Amino acid sequence: FHTPIDEVDISCEMAGIKFENPFGLASAPPATTYPMITRSFDEGYGFAVTKTFSLDKDTVTNVSPRIIKATPSLLKTDSSFQNIELISEKSAAYWCMGGKEVKKRYPNKVLIGSIMAGPSKEDWQELAAMCNDAGFDAVELNLSCPHGMGEKGLGRACGEDAGLVHDIMSWVSEISNVPVFFKLTPNYGFPQDLAAAAKKGGADGIVTTNTFPSMMDPRPDGTPYPGVGADAKTAHGGASGNILRPIALQRLTELKKDKNFDMWVMGSGGIINPDHAMAFFRYGAHVVQISSAIMNQDFSVVYDLITGVKAHLYLGERADLKEQGWHGASPPVDFQKKNTDRAISFSNLEATTVPGINEIVGSSMSHFTGIMSMDKSAQTIPELNEDLCVQCGRCFLACADAGYQAIKFDLDTHLPLITDDCTGCALCPNVCPSPGALVMVPRTTPYTVSRGVIPGETTPEEHLQTYQPKN
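Residues numbered from 1 in each chain as written. Predicted model: local features only at pLDDT ≥ 70, side-chain atom pairs only at ≥ 80, totals over all residues. Heavy atoms only, no water.

Draft legend 1. Representation of the nonpolar core. With 96 residues, the main nonpolar core has F23 and L141 as its most contacted residues. A per-element tally of this core places helix α10 (residues 301-315) first, with 9 residues. Contacts of L141, omitting those with residues within four sequence positions, involve I115, W124, I168, M169, V172, V180, F181, F182 and K183. Listed in part, the 10 residues of the second largest apolar core include C395, A406, I418 and L438. (Core = buried A, V, L, I, M, F, W, Y, C linked by side-chain atoms within 4.5 Å. Buried < 20%, exposed > 50% of the residue type's maximum accessible area, 1.4 Å probe, protein only. Helix = DSSP H or I, 4+ residues; strand = E, 2+ residues; numbered from the N terminus. Contact = heavy atoms within 4.5 Å.)

Right under this line is the structure:
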C-alpha cells in the first residue's frame, strides 16, 4: 500500500548537519549501548545521542531498581516514568572507540556524543578532545541531570549558574571541531538567561529539556516505590514522558518568544506520538529526541512517528479537508458518521508541494501573547451535540463542584443544559468522555462577569462592561 504521503520528505538540516529524518534517541536508557543504537538505526531513526559518559575518575555504578512508572498502578498504561539512573556505566573509551565504528557502518546517520564533567576546564577539554577523535557529528553537554550526579558536583550542579554555563561552553567550544549543544534543565526559572550564557560561550544549539526533578508516589503503607536495599531507601529522581511534556514545551516556547534567542534546538521531553512531535516542531524544535515512548513500547514507535508526521504535513495542506474541519491528519469527530466512504482522494496535492520540517519550525509562535492582552470580548460557551452525548453526567458534576454551577441535569433524558451562568471556562468538554459531545462556540448572549459584591470606584471601567456577542 503506497500513497503520496509516503513520498513526503521529512529530511532536515540543523547546525550544518543533514538528518534523514528528525527522530533520534535521547541520551537515556534506549541509548545504553552501541548495539542498541545501531538497532535503532536499522529500525529507521535518523540520529542518536549516546548515553552520557564522563572521565574514568567520575565513574558511577547504578542502584537497583531505578526505573519506575510514574505511579504504582497495576495498569501501567501511561507513558510517564521516573528514574534514578545515573549516567553511563561504560567508559569514555567505550563510547569514543565505538563511535568510530558506528560512523563507518552508518555514515548517513547522525551520532551525537553526550558528555559530563564537573566545573573543571581540564576535564571538559579532555572529553571534548576525545569526542573529536571519536568522529561524533555533534556534542551534547549534559549540565542538567537532576538526580545523583549533582551529589558529585556534576550535572544540574553545573547547569543552573549562568556564569558557569558560559565558562563550560567556552572551554568545550575552544576545543570541539563539531557543533556543541547545551542540554537545558527544566528546573531553572529563567531559561533565556542560561541560553544566552551558553550562546555567548560558543554553543551552537540547545536541548529542551532534561528530565524534571520529581518524587513519585509511595505505596499506601508509606514504603517507597521503588525502595533500594533492605532498608528501602529512595531519592528524588527525574520525571519523563507525558508528565514532562507540558514543562518541556513551556521551556521551549519561553526561549523562542525571546527576540534575542537564536540557536538550533533539539526538542526532548514526552514526545510519545506524532502530534507531540508536531507540537515541538511548530514551537521551534528542529529535531526531536525520543526515550519514554521507546521505553513504553520498543524502537518500532519510529514508524508511527515518521508516518504520522508525514500525514500531518501532507493532509495539513489540503484545503478541502480543512474546510471539513480536519486538523492535519486528525479528522473532525463526526467524520466517520458523515462519510460512509472514508477513503481520501490523493489527486488534489503533490507530495513535492508539502512543506518540510525546517519550513514549519516555529510556525506557531505567532499565537503567543500575554494573557492580559488577549481579547476578553471573544467569549465562548459549550454547545451540546445530543447525538454524541453519552448521558454520563460528568460535565454536570465537574461544573457543580469545580466550576460555576452553570449546567443543569435533566433527570429524565440525562442530558445537560448549559445556562447563561456559564463563564466559558471549558472544564466540561475537557472531562467529557465522548469527543465532540461538547464543543466551545462563540457566545450568543451578553456576558457580564459576576463580581460577587459590587466593585468599588477604583475598579477599571473595562472590567465593568457587559460583553456583547460578536456577529
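Draft legend 2. Main features of the sheet that holds strand β12 (residues 237-241). Pairing within the open sheet is antiparallel, and its 4 strands lie in the order β5-β6-β12-β11. Two strands bound the open sheet, and with one partner strand each, they are β5 (67-69) and β11 (212-214). Averaged over all pairs of adjacent strands, the angle between their axes in this sheet comes to 35 degrees, without regard to strand direction. The pairing of β5 with strand β6 (residues 80-83) spans 3 bridges and is antiparallel. The residue bridging I68 from the neighbouring strand is Q82, located in β6. (Pairing = 2+ DSSP bridges. Axes fitted to C-alpha atoms, helices over the stretch in contact; angles between N-to-C directions.)

Draft legend 3. Looking closely at the packing of aromatic side chains. Taken as a whole, this structure holds 11 aromatic pairs when the rule is applied. Geometrically, the ring pair formed by Y45 and F299 is edge-to-face, given 6.0 Å between the ring centres and 70 degrees between the ring planes. Linking Y45 in the loop between α1 (34-43) and β4 (47-49) with F299 in the loop between α9 (292-296) and α10, this pair joins segments that are 254 residues apart in sequence. Their ring planes at 80 degrees and their centres at 5.6 Å tell us that Y283 and F368 sit as a pair that is edge-to-face. Taken together, the residues span a long stretch of sequence, with Y283 in the loop between α8 (274-282) and β14 (287-290) and F368 in the loop between α13 (357-360) and β15 (380-384) at a distance of 85 residues. Classification of Y283 as partly exposed rests on a relative accessible area of 25%. One aromatic cluster is present, formed by Y34, Y94 and W95 through successive ring pairs. Sitting over the ring of Y94, K90 keeps its end group 5.7 Å from the ring centre. (Phe/Tyr/Trp six-rings, centres within 6.5 Å; stacked < 30°, edge-to-face > 60°. Lys NZ or Arg CZ within 6 Å of the ring centre and 35° of its normal.)

Remember, this is a structural readout, not a statement about activity or role.
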